[in-house]
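# Geometric and topological summary
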Amino acid sequence: MFQKRQLRIIYLVILIIVMVLVYKSFTQRKPDEDDVEQTSSDAMLKPSNAPVNVMVFYEALCPDSKNFVLHQLQPAYDRAPDLMTIEFVPFGKASWTTKSDGSLEFECQHGPIECEANTIHACVVEAVHDTHTMVNMVACMIKNNIIPRDAFYRCAKEHGVEIESIQKCYDSPHGAELLKVHGEATHALRPAVTFIPTITLDGAQYVQKSILKDFFGNICQVVAGRGPKPDACK
């Protein structure tokens, strides 16, 4: 009789514990899901007058990259610089391996000259902080990049860019490390890169064919989606 009474007490305690756990599972807020959703929503909200963050994933010797920079990006930035911030990511469809001595070796879509040019572009992008100068430098170099060093020297003199530190960058392992960073950023894109150049607007790829044909129009659409259409877009 005593053993039966003990078993009943144990069963009752277990039942109470189970009921408490079930009750908590239904009433307790799920912070992970709610907080992630809130964070995502907050990240997507930008003031109506905030510039669009433009990232240009390109190659230094790519004809399509050249066409976009010269005929879409540079004119759009000159027209309305306040509507955008610009980040250049020179790498494209290249790849790299780490050699036994720890150094990096790159293979580029348009051969070794493009690897050299991409490295110089990476060093320029790191060194030049003024967006207007950076856009003009990239446009100048990509216009005629067959001899990358000559293109850099000519464009740096034309746009008043300091030469020595950038030259040290691409002549040292630091230039290769920068290019690898751009490669990692390129490979991290989702959807993955299938065409170069690939352009993101506030992190989204949208319709690439439309962006490559009418970059400024797409910038205006993104900004207008947050509020009144800017005067530059009217």
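Residues numbered from 1 in each chain as written. Predicted model: local features only at pLDDT ≥ 70, side-chain atom pairs only at ≥ 80, totals over all residues. Heavy atoms only, no water.

### Quick notes on the packing of aromatic side chains
- The full count for this structure, using the stated rule, is 5 aromatic pairs.
- Ring geometry for Phe68 and Phe215: centres 5.4 Å apart, planes at 85 degrees, overall edge-to-face. You can see Phe68 sitting in helix α3 (residues 63-79) and its partner Phe215 sitting in helix α10 (residues 215-224), a full 147 residues away along the chain. For the pair formed by Phe68 and Phe215, the shared burial category is buried.
- On the basis of an interplanar angle of 80 degrees and a centroid distance of 5.8 Å, the ring pair of Phe91 and Trp96 is categorised as edge-to-face.
- An aromatic cluster of at least three residues, connected via ring pairs, comprises Phe152, Tyr153 and Tyr170. (Phe/Tyr/Trp six-rings, centres within 6.5 Å; stacked < 30°, edge-to-face > 60°. Helix = DSSP H or I, 4+ residues; strand = E, 2+ residues; numbered from the N terminus. Buried < 20%, exposed > 50% of the residue type's maximum accessible area, 1.4 Å probe, protein only.)

### Description of unusual backbone geometry
- Each neighbour pair has its own omega, and for Arg190 with Pro191 the value is 0 degrees, a cis peptide bond.
- Note that Pro191 resides in the loop between α8 (173-187) and β5 (198-201).
- Following Ile196, the chain continues into Pro197 via a peptide bond in cis, with omega recorded as 5 degrees.
- Turning to its location among the elements, Pro197 is positioned in the loop between α8 and β5.
- Not every positive phi belongs to a glycine, and Asp202 is a case in point at roughly 55 degrees.
- The residue Asp202 is located in the loop between β5 and α9 (208-213) in this model.
- Taking the relative accessible area as the measure of exposure, Asp202 reaches 28% and is therefore partly exposed.

### Thoughts on the sheet that holds β5
- The strand order β2-β1-β5 describes an open sheet built from 3 strands, whose pairing is mixed. At either end of the open sheet lies a strand with only one pairing partner, and these are β2 (84-90) and β5. With strand direction ignored, the average angle separating the axes of adjacent strands in the sheet is 15 degrees.
- Where strand β1 (residues 52-58) meets β5, 4 bridges bridge the pair, whose relative direction is antiparallel. Directly across from Met55, in β5, lies its bridge partner Thr200. (Pairing = 2+ DSSP bridges. Axes fitted to C-alpha atoms, helices over the stretch in contact; angles between N-to-C directions.)

### Some details on the state of the cysteines
- Scanning the model with the defined rule gives 4 disulfides in all.
- Paired by a disulfide, Cys123 and Cys169 hold their sulfur atoms 2.0 Å apart. Judged by the torsion about the S-S bond (-75 degrees), the Cys123/Cys169 disulfide is left-handed. On the criterion of sequence distance, the pair formed by Cys123 in helix α4 (residues 112-127) and Cys169 in helix α7 (residues 164-170) is long-range, its members being 46 residues apart.
- A relative accessible area of 1% means that Cys123 is categorised as buried.
- According to the relative accessible area criterion, Cys169 is buried, its value standing at 7%.
- A disulfide bridge connects Cys140 with Cys155, and the sulfur atoms are separated by 2.0 Å. Linking Cys140 and Cys155, the disulfide has an S-S dihedral of approximately -85 degrees and is accordingly described as left-handed. Taken together, the positions of Cys140 in helix α5 (residues 131-143) and Cys155 in helix α6 (residues 148-159) put the pair 15 residues apart, joining distant regions of the chain. Note on accessibility: Cys140 and Cys155 belong to one class, buried. (Disulfide = S-S within 2.5 Å.)

### Observations concerning the nonpolar core
- Judged by nonpolar contacts, the single largest core of 48 residues is most densely connected at Val54, Phe88 and Phe215.
- For this core, the element with the highest residue contribution is α5, accounting for 8 residues.
- Contacts of Phe88, omitting those with residues within four sequence positions, involve Val56, Tyr58, Leu73, Val125, Met134, Val135, Val138 and His182.
- Counting 8 residues, the second largest nonpolar core, distinct from the first, contains Ala94, Leu104, Cys115 and Leu179. (Core = buried A, V, L, I, M, F, W, Y, C linked by side-chain atoms within 4.5 Å. Contact = heavy atoms within 4.5 Å.)

### Let's talk about the pattern of salt bridges
- Summed over all chains, the structure comprises 5 salt bridges.
- For Arg149, the salt bridge is made with Glu116, and the minimal N-O distance between the two is 3.0 Å. You can see Arg149 sitting in helix α6 and its partner Glu116 sitting in helix α4, a full 33 residues away along the chain.
- Where Arg226 meets Asp202, a salt bridge forms, and the shortest distance between an N and an O atom there is 2.4 Å. With Arg226 in the segment after α10 and Asp202 in the loop between β5 and α9, this residue pair connects regions lying 24 residues apart in the sequence.
- Among the residues examined, Arg226 registers a relative accessible area of 22% and is labelled partly exposed. (Salt bridge = Lys/Arg side-chain N within 4 Å of Asp/Glu carboxyl O.)

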